[in-house]
Each structure stands twice: as C-alpha cells, then as structure tokens.
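Residue-level listing of the chains:
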Amino acid sequence: MAPVLVLWLAMSLSGTWAVDKGNFKTCDQSAFCKRQRALKPGESPYRALLETMELTNTRLTLQLINDNNKVHLLLELYRLQGNITRVKINELKPLRPRYEVPDVLIREPLTEPLSLLSQDENGVVLSLGSESQRVIVSARPFRLDIMEGREVLMSLNSRGLLAFEHLRMRKDTFSYKVSSTVASVWDNIKRVFSSQVDPEGEKKEEADPATQAEKAKEEEDKVEDGMWEETFKSHSDGKPNGPSAISLDFSLPGVEHVYGIPEHADTLRLKTTENGDPYRLYNLDVFQYELYNPMALYGAVPVMLAHNAQRTTGIFWFNAAETWVDISSNTAGKTVFGKMLDYVQGSNETPQTDVRWISESGIIDVFIMLGPTPKDVFSQYASLTGTQSFPPKAAVGYHQCRWNYNDQEDVASVDAGFDEHDIPYDYIWLDIEHTDGKRYFTWDPHKFATPKEMLQGLVEKKRKMVAIVDPHIKVDSNYKIHNEIRNKGFYIKNKDGGDYEGWCWPGSAGYPDFTRADMRDWWASMFAYDQYEGSMENLYTWNDMNEPSVFNGPEVTMHKDAVHGAWEHRDVHNLYGFYVQMATAEGLIQRSGGVERPFVLTRAFFAGSQRYGAVWTGDNAAEWDHLKISIPMCLSLGLVGISFCGADVGGFFKSPSTELLVRWYQTGAYQPFFRAHAHLDTPRREPWLFGPDNTALIREAVRQRYTLLPYWYQQFYHAHRTGEPIMRPLWVEYPQDPATFALDDEFLIGRDLLVHPVTEEGARGVTAYLPGKDEVWFDVHTFQKHNGAQNLYIPVTMSSIPVFQRGGSIIPRKIRVRRSSSCMMHDPYTLYVALNPQRTAEGELYIDDGHTFNYEKKEFIHRKLSFAKNMLSSANLAPDAQFSTRSWIERIVILGASKPSKVTLKTAEGQESQLEFDFDASMSVLTLRKPGVNAGLDWNVTLQ
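Enquirer: How should I be thinking about the packing of helix 13 (residues 624-639) against helix 14 (residues 658-668) in this particular structure?
Expert: Put simply, helix 13 and helix 14 touch, their axes get as near as 10 Å, and they point 5 degrees apart. When the interaxial angle is binned, helix 13 and helix 14 end up roughly parallel. Two secondary-structure elements touch here, helix 13 through Trp624, His626 and Leu627 and helix 14 through Glu659, Leu660, Arg663, Trp664 and Thr667. Split by residue class, the contact of helix 13 with helix 14 holds 4 nonpolar, 2 polar and 2 charged.

Enquirer: Can you walk me through unusual backbone geometry in this structure?
Expert: Residues apart from glycine generally show negative phi values, whereas peptide bonds are mostly found in trans. At the junction of Gly371 and Pro372, the peptide bond is cis and its omega measures out at 15 degrees in the coordinates. Here Trp403 and Asn404 are connected by a cis peptide whose omega angle stands at 10 degrees. Following the sequence through the fold, Asn404 ends up in the loop between strand 22 (398-400) and helix 7 (408-420). In this model, Ile261 sits at a positive phi of 40 degrees, which is unusual for a non-glycine residue. The topology assignment puts Ile261 in the loop between strand 15 (257-260) and strand 16 (279-281). Backbone geometry places Met545, a non-glycine residue, at a positive phi of 60 degrees. Counting through the fold element by element, Met545 comes out in the loop between strand 28 (539-543) and strand 29 (563-564).

Enquirer: What should I look at first to understand the packing of helix 15 (residues 692-707) against helix 16 (residues 709-722) in this one?
Expert: How two helices pack is summed up by the angle between their axes together with the distance between the axes. Across the interface, helix 15 lies against helix 16 with an axial gap of 5 Å and an inter-helix angle of 55 degrees. Considering their axes alone, helix 15 and helix 16 lie oblique with respect to each other. Contact residues: Arg705, Tyr706 and Thr707 in helix 15; Leu709, Pro710 and Trp712 in helix 16.

Enquirer: How do you make sense of the nonpolar core when you look at a structure like this?
Expert: Here is a general trend for soluble globular proteins: nonpolar side chains tend to be buried in one another's company. One finds Phe316, Trp523, Phe599 and Tyr665 to be the most contacted residues of the largest nonpolar core, which totals 178 residues. Leu73, Leu126, Leu162 and Val258 belong to the second largest nonpolar core, which has 51 residues in total.

The rules behind each value
- Residues numbered from 1 in each chain as written.
- Predicted model: local features only at pLDDT ≥ 70, side-chain atom pairs only at ≥ 80, totals over all residues.
- Heavy atoms only, no water.
- Axes fitted to C-alpha atoms, helices over the stretch in contact; angles between N-to-C directions.
- Helix = DSSP H or I, 4+ residues; strand = E, 2+ residues; numbered from the N terminus.
- Parallel < 35°, antiparallel > 145°, perpendicular 65-115°, else oblique.
- Contact = heavy atoms within 4.5 Å.
- Nonpolar A, V, L, I, M, F, W, Y, C, P; charged D, E, K, R; others polar.
- Core = buried A, V, L, I, M, F, W, Y, C linked by side-chain atoms within 4.5 Å.
- Buried < 20%, exposed > 50% of the residue type's maximum accessible area, 1.4 Å probe, protein only.

And the structure:
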C-alpha cells in the first residue's frame, strides 16, 4: 500500500479524531472568493443598455455593459408558471461557451407572458401577470426590483456587487501578443485620423474612444494572484481558461430569517457572515467535521428560503461550481433591548437581510420563487427539480450498519440477535470490507464466499441488505470493471489527457466520468443480476465517497483542472455525487425490468438528488452536540426538497455512553432515515450489548418507529406528490408565529406529530413549544391534553420521548410489531383520533404494495378519515384507483372525547352493528373495540 494511503489510514484510525481545518480552504485562500469579496458595495460598473431591449411573449433580453472594461453581458428574464421569475446573465460573446448545468431540472420550465407596463430613459417596468406584481429594471447602475403593490419583495444588484469575470486570453501567450499588437496598431491609426478631423481632440481625451479602449485594456491586463494559476498546500491548479467567477447580491426587505443552503453543521436559521467566512458550497470529504461553522461538507444545494410573518420566498442559484454565500443583516447583533429601544424611539428601520452568491465559473442563472406561503415555495422548487423519490416501505424502517460486519457468520449472528432480543429491523448493511480487495461489485472470496445463500437467509425473514458501491475504481488489470471503463474511455481525464488517478480505499483508483450519459448507462447495466455476481432482488446500494473523495487530492478531492469532455472539473464538481446516485438508482430499477423501486443512499448530493434516494449527514461523532445538530441538519435538507435524511445513530466516530446511545435511538426513531452506524475502530454496539435495561429502552424506541410506519409511509407518499418536507420546522405550519422561526431542537413530522427529543446529557426535563393559539396537543404516550401557544415543561426519564399529536388530526398505527415491516403488511390498523376544540379531526390512510412502481398505475388505496358531528367516516380519495388489502380496522382511540351512550358502525353495504367501547373519564379517552371493517372500504361510526 502506498505511503500516502498508509498515512491517511493511520490518521483515520488513530484516536486523534478532529477535522484538520488546514486541509480546507478559507475564502481568503480561495482566489476567486477573495477577489470577489474585496469588491465594495455601491460601486457597480454595470448599466443596462435599454436600446438593446427585446421583449417577446416569453422573455425579455437586454444587454448590460461593464463601463470599466466595456464587456457586454446578456440579461434574460423569464416569468415562469407558478409564480417563479428566472434571471440569466451570460457574456454576450464569450470567448468559448460557459458551463450551464444540465440534467438537474426535470423539464424546461414553462413560461408565462411578460408585458411591458412603462419605459423611459431610466428603466422599464414589466408585469408579472397579476396587476400588483411587477419587475422594475433600472438602467444606471443596473438593478432589478421585484415588487408587489408598494412592497419590494426582492432586489438584485441593489448593493452593486454584480460581477462577471469574462473569459479572456492569457496575455503572455503568443496568440494574445499577436492579437494585442494588431489591436494597438489599429488604435493608433484611429487616433491619427480622429485628431486630423478634430484638432480639439486632445482636449476631449476623456471621451476619446481610443482612450476608453486603453482603459479597458488596462482593466483586461490587470492580473491578480490566483487568476491564471493557484496553489493550495502542495497542489497547483492550472487555469487554462483564466478567471471566470460570477457574483450577484440579493436584498430581502422585511426579512430577518433565512434558511437552507445545506450542507452545513449549523443552526437551522442561517447566521450572518460579516465577521467570518461565507457559507461554502463545495462537496468535500470532511474528516469528523466541526459544528457551528460555515465550512463545506459532503453535499451542496444552492437554495435559500427567506421567511417572515407575511411571506416566504426562495432563491435557487443554479450553479454547480464552488460557491460561497455571504449573509448580512441590518438587525444582526441587536439585542432584544436594542430592538425594544428602536421601537420605543420610533425607529422605522425595516429589517433587511442581504445575501451575496459567489461562484467560480459558469453563468448566473437564478430562479426566484415568490411563494407567498412556505408550501408554495416547496411546490415551486419541486416544479423545477422534482420531488423526493418514493422509497420501498422497508427503507422507512430501521437499518443496522457498521464498518464492517466481518463475514457471513457475523451477518447471521447479528440478524439472529435482533430476533432473540425482539427488536425489528429491515436492512443490514455491508461496508467496504465485504469486497474482494475494495473492488466494488465483488465479494471477499473467503469472508463472503456464498453471498446468495446469505441473502436468501434474509429473504426468508423478509429482510434485506445494503452493500456499498463507491465510485473510485481500483486500477488493476485483472479487475473487469476497471478494464471495461478504461477500454471505453470512461474515466475522467487529467489536464494532460491521460486517465485521472488518485488515492482512495483501494489504493490507486480511477474515477468514472458520471457526467457522461453513456458512462451512466454502462454503470447502471452493472447492477443486472448477471453482471453483479451474488446479487439478488433484496440487495440495495450505498454510494459513499462520491464528492468525489481523493485522499491525495487538494482538499481531499479532485483537482479542479481535471477534464470531463469539454469541461473542467471546477465547472461540474458539485454534480458528481448527484450523477453517481442517479446512475445507481437507474441500475436498480433496470435490473427488475422497471418494476421495483430502488433504495440508494448517497453522501454527496446537489439540487435534484431527492429524486434518487436518501442522504445522511456523514461521518459524525458520538458526542451530544452531534446528536443535537442532526435536527437542524435534516431540517435544512428537508426545506430544499431532500426529505429522506438521517444521521448515524450513536455517532460514527468514538464510542457513545449508554445514555447518549439510548437518546440517539430515541431521536433517530423520529427522523426520516433511521440507521445505526459505527467506525471500524469502535467497540461493537448492537442494541443488546449494553445491559437488559438499555436494550429494553432501545427496543421501545425502535418499536415506536414500527407502530408509526403507516403514518411515516404516507408522509413519504405526500412528499413524493407535493415536494413538502416530511420532517419540517414548526414555522412551515405556523408561518405567522415568530416564536417558531428559530426553533431547531424540535420539529414536526408532517402536520400532525410534534417531536422534542431529549438531547441534553443528564436531562430531567425539556421545554417544548407547542404552537397554535387556538389549538390543543395530546401527549401520545399519556394522552394528556395541552393548550397550544405555550412553552411546556416536560419532566423526563430515560424512557421519555416527548411526542405530541395535534388536536384535529387522525393518525393510523399498527400496534402489532413484528421482525420487519414486510411481516406487518397485512396486520390491522389502530386509528388515533385527536379532537380539536371544535370536536373535529381529519387524516388519511394510504396503502399500496410497498415496493413496486404500480402505484403510478393507480394501484393503491387512499382514504380520507374525518370526524365531525360525532361521526367518524372513511371515504375514498382516489375513486379511480384499484387495490385491495387484507388489513382491517382493529381499534379506534378518540382523544378529547365524551362518553357516548352507544356506538354504531355502518358498513358500505348499509349493515349496522353496535361496537363495544371503554371510556377513561380522567383522560377523556374513548376506545372503540374491533370495528372489524376492511381498511380499504367505506364505513362510518356514530357516537350517540
């Protein structure tokens, strides 16, 4: 093994587990970020050339000019369906094409008509459809304002920080010297003629085109460090295309809270960055990341949401290059007392947040999502990049993983341990050691000699497996995958045209060029059962290290001057993991003939990754703060479309105390992706290894997950249909309640369950905010009723998981927990009906086969459950759908009820029968026993 890899592994496996921040750039060490950040607000050189404006039914085009260097840009403005405005800025005549991101949008966005309202020498006003919504384009300096009535919703370049580094030839090249000599001679000829025509010419030197051209040339010739070459540590980045950075500022009047732009280990509400680095978006393999800072992590979604009590808006900065995001606010740093003083003194300063995006290359292409509600923004973003994939139901269950289960006997032993300790699970995972020498799509011939036998053993228990397939390919002439990729020319190239090689787990590795559709097609074909030997239909896939991770590369990733066809890696970097997961998911679909839904976990991601599977928060640590940060990290991902998120339960690095491990299971059981995982160097931590008391606590947390699977599954269906997050901040449902705007230690699952996990060591109580002035919430464990709009102190013990059901909701559960979700498919339902103060409630029940795409052919049951006027009814929400279930309604529990004299069930056929019931007067809980009706049919129950 090469010395570099040995050194890296030694560091990885040693006890000194902490990020080496010196391995990763700050803005000052990133030449384009430093250049752009040095620009001062209020000095914009750009103006709009109104005489170049062209307005068609679908778009406005307009040239901008940089008065410093005379470079012309082309502005394109589109009004899109669904209250979205798109703004594109590119060079009018670039020296060569600039990169525009493909494959992320699900279709070319549909446009709506733009109309001109007025125009003069200062600018133009355009209508955005409704009379009150318009765009104002100001000419000098260029500025764009989006307004509704008299209110400015958002301004672009209001601070004058638009910057667009045009492509140019390097001045010390031969071709540059020839062209510049010709230009110089021509300028002199023009000057001679102009002075003969106008003897006063010298007095007008400032207006002389030749002088202006000279100034522009000075601007062009100005060379700053890092424009044509950049060095970081021992790595050199040659930049044959020179500087190409872009930047644009956005002002958000009335806004104090902005969210999104994952992935960062930080609070849900984004912080201002004036006194430190901007937030960075650049997919990186960060070894045990630090918390509460803006460093880049494994994924990048360049989407920000802005929210106040009146409106929610979004900005989608559509660029896949390294990006930095600066945030400033005129209220940042003001204390509550300072804000009260402003109020008392009658200060009328409107709160405002300013955001500035800086990217290394590409074009400015931004989608402005105008809401006005949070759910409108989710819908707008989903219309661009798609929704969360609908996973197999089993994937919503519990996953057991570590680096590594040693061999087939180890897998069988762990599997049996779950049965012995009566803990359900659905997937067991294999990390890199299961392969033959880190050759993916293979099995270790000694430790996993008969993989189909192992998989068949899981099939018999209705369980599944996930095996890792990373995108770095061992360079080995005896390895089929490597030989095929090399022979087909599918590897990424280095700047000299050879196959790019770097170090990763196998040692020397090549990196397939997933930006190529033909490469992705080939990769997908490798998951066919006759290609991936030993695989079966219950084997699914995990894509790790796909930032891509290159142990000996700059910042532990690929050199930016590596080549993907016509483009440099710097242009496409943040797309790499997106493409790996896309190709893998397609492979799992194809192997079943398009019948079975895939499950693929990815570490790296981009906008649109939600269409292909799940993500997790990467290599966390067994520390209380890492447990806490898992909540805002997943909330941030959900806000930008990626709902299927979770964190390694127990922490990947280090060993958790038993208290931390139990609390992590209790938290993870209420997050969308629920997987325990651990580092190779940590002691084993299967749930039964910490004494019977802790085993019982973990068992109870996992069982709570399984009883709620019907609700979880229908939240995934809803997310797939609408783009709304599953795990969501409280402000999404209570957008006018400022008390919810910065909360990130509690969350909602859908609309109806509020969870406040215990994340403090030694906690004896937690304080949960229950929202909703006229609402009530029921403790799901005790059925105690609490009023909304209050901070509720909840005493806790080690068994406590504070969860509340919203009054006015109906939630289905399956109380009979079996060893896996598939074993529970035909089990009966219990309906929990929580009445609001108006004594009404509603909910849904969604049922399908749990694993195929047949739901797209209308093979499902979707019921509306309603309680009003003392009647609970089930009605069909999808009369054109066809599916049957053996499940029935076993019990109905009504919270906040009164005692009836009798309870009558009426079936679809009109048959009536009396139901037995129990009433707990102390808690106002009515339990109806054995209605016995099929869950897919019409029925009603009347309380008299």
